[in-house]
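Breakdown of the fold
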Amino acid sequence: WLPYLFFIFPGTLSTDSLTMIMEAIGLRPLGNANPIFQTMLLHCFRFVGVKLGNGDITVALYCLIQAALMAWLLGVLIARMMRSGAPRWLGIGSLVFFAVNPIFPLYAFCVGKDTNFAMAVLWLMLLRLPVSGNVLSLLLALCMASGMRW
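Notes on the structure in this doc start here. (Residues numbered from 1 in each chain as written. Predicted model: local features only at pLDDT ≥ 70, side-chain atom pairs only at ≥ 80, totals over all residues. Heavy atoms only, no water.)

**Details of a nonpolar patch on the surface**
To keep it simple, the criterion reads: For patches, a residue must show more than 30% relative accessible area and have no salt bridge; joins then use 9 Å for like charges and 5 Å for nonpolar side chains, namely Val, Leu, Ile, Met, Phe, Trp and Tyr. Per-residue and other accessible areas follow the Shrake-Rupley method at a 1.4 Å probe size, with only the shown protein chains counted as cover for residues. Salt bridges are defined as contacts in which a side-chain nitrogen from Lys or Arg sits within 4 Å of a carboxyl oxygen from Asp or Glu. Only protein chains enter the calculation, and the probe is 1.4 Å; a residue is then buried if its accessible area is under 20% of its type maximum, exposed if over 50%, and partly exposed in between.
Taken together, the side chains of Ile65, Leu69, Trp72, Trp123, Leu124 and Leu127 present a nonpolar region at the surface, about 630 Å² in accessible area. On the basis of relative accessible area, Ile65 is assigned to the partly exposed category, the value being 43%.

**A look at the environment of Gly112**
Which entries qualify depends on this criterion: Comment: elements are numbered from the N terminus, with helices defined as DSSP H or I runs of at least four residues and strands as E runs of at least two.
Of note, Gly112 is situated in the loop between strand S2 (110-111) and helix H7 (113-132). As for Gly112 and Thr19, which are separated by 93 residues in sequence, their C-alpha atoms are 10.0 Å apart.

**Brief notes about the state of the cysteines**
For clarity, the threshold we go by: The rule for a disulfide is simple: a pair of cysteine sulfur atoms within 2.5 Å.
Scanning the model with the defined rule gives zero disulfides in all. You can see Cys63 has no disulfide; the closest cysteine sulfur is in Cys110, sitting 7.0 Å from it.

**Side note on unusual backbone geometry**
Note: most residues except glycine have negative phi, and most peptide bonds are trans. For the bond from Phe9 to Pro10, the omega torsion is 5°, close enough to zero to count as cis. With respect to the element layout, Pro10 can be found in the loop between helix H1 (2-8) and strand S1 (12-13).

**Considerations on the nonpolar core**
The line we're drawing: Among buried residues, those of type Ala, Val, Leu, Ile, Met, Phe, Trp, Tyr and Cys that are joined through side-chain atoms within 4.5 Å constitute a nonpolar core.
Residues Leu74, Phe98, Val111, Leu122 and Leu126 are the most contacted members of the largest nonpolar core, which totals 22 residues. Mapped onto this core, the elements with two or more residues apiece are helix H3 (36-52), helix H4 (55-83), helix H6 (103-108) and H7. Element by element, the count of residues in this core is highest for H4, at 10 residues.

**Quick notes on the packing of aromatic side chains**
For any two aromatic rings, the description comes down to two numbers: the centre-to-centre distance and the angle of the planes. What counts here: Under the pairing criterion, centres of Phe, Tyr and Trp rings, with the six-membered ring standing for Trp, must be within 6.5 Å; the plane angle then separates stacked pairs below 30 degrees from edge-to-face pairs above 60, leaving the rest tilted.
Under the definition given, this model contains five aromatic pairs. Seen in terms of ring centroids, Phe45 and Tyr62 are 5.2 Å apart; in terms of plane orientation they differ by 80°. Their pairing is edge-to-face. Of this pair, Phe45 sits in helix H3 while Tyr62 is found in helix H4, placing the two residues 17 residues apart along the sequence. Residue classification places Phe45 among the buried residues on the basis of a relative accessible area of 15%.

**Here we look at helix H5 (residues 88-100)**
The following threshold applies: The span you would expect from a helix comes to 1.5 Å times its residue count less one. Within this analysis, the arc is defined by the directions that extend from the helix axis to the C-beta atoms.
Over its 13 residues, H5 extends 18 Å from the first C-alpha to the last, a length consistent with the 18 Å expected when each residue adds 1.5 Å. For H5, the set of buried residues is Leu90, Gly91, Ser94 and Phe98. Buried residues of H5 fall within an arc of 100° about the axis and therefore sit on the same side. In this structure, H5 carries Arg88, Trp89 and Val100 as exposed residues pointing more than 90 degrees from its buried face.

**Here's the deal with the packing of helix H2 (residues 15-24) against H3**
Defined as follows: Angular values range over 0 to 180 degrees, each being the angle between N-to-C directions of two axes fitted as lines to C-alpha atoms, with helices fitted over their stretch in contact. Every angle not falling under 35 degrees, over 145, or within 65 to 115 is termed oblique; those three ranges are roughly parallel, roughly antiparallel and roughly perpendicular. Only heavy atoms matter for contacts: two residues are in contact if any of them lie within 4.5 Å across the pair. Under the scheme applied, nonpolar residues are Ala, Val, Leu, Ile, Met, Phe, Trp, Tyr, Cys and Pro; charged residues are Asp, Glu, Lys and Arg; polar residues are all the others, including Gly.
Packing of H2 against H3 leaves a shortest axis separation of 9 Å and a crossing angle of 75°. Our classification of the angle between H2 and H3 gives roughly perpendicular. Along its contact with H2, which presents Ser17, Met20, Ile21, Glu23 and Ala24, the element H3 presents Gln38, Thr39, Leu42, His43 and Arg46. Along the lines of polarity and charge, the residues of the contact of H2 with H3 split into four nonpolar, four polar and two charged.

On their own, these measurements won't tell you what the molecule is for.
Encoded structure:
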């Protein structure tokens, strides 16, 4: 995913993130369109960027941490799929799909609430999978992580 970061450095901002920044610094009242935790999280990263003297650092740090978490979650998904007895070709194909498909890095390097929501859903699915642990559940998680709709 690093080539994508090179071309879009320090990352991208969604319109939601601009609203969250304005809410965090008091230019706009807090509303119910953006989660308060997400707004405060972005404000913490903005604080670090201000202390270091560059707003690009805010976006870069946020995006790097978010991308690392997304890569870790997708890696855990593939590892669990392989441990559950899925065919080797499916694990390798999934890894290549997540590595090469431009949607994933572009999504990972975007500041916004949707990326974190998607990661939270995947994390909760991974927490639930040990209960069922069958290949069908893992394939469903893989399809959902890749954006497919049933």
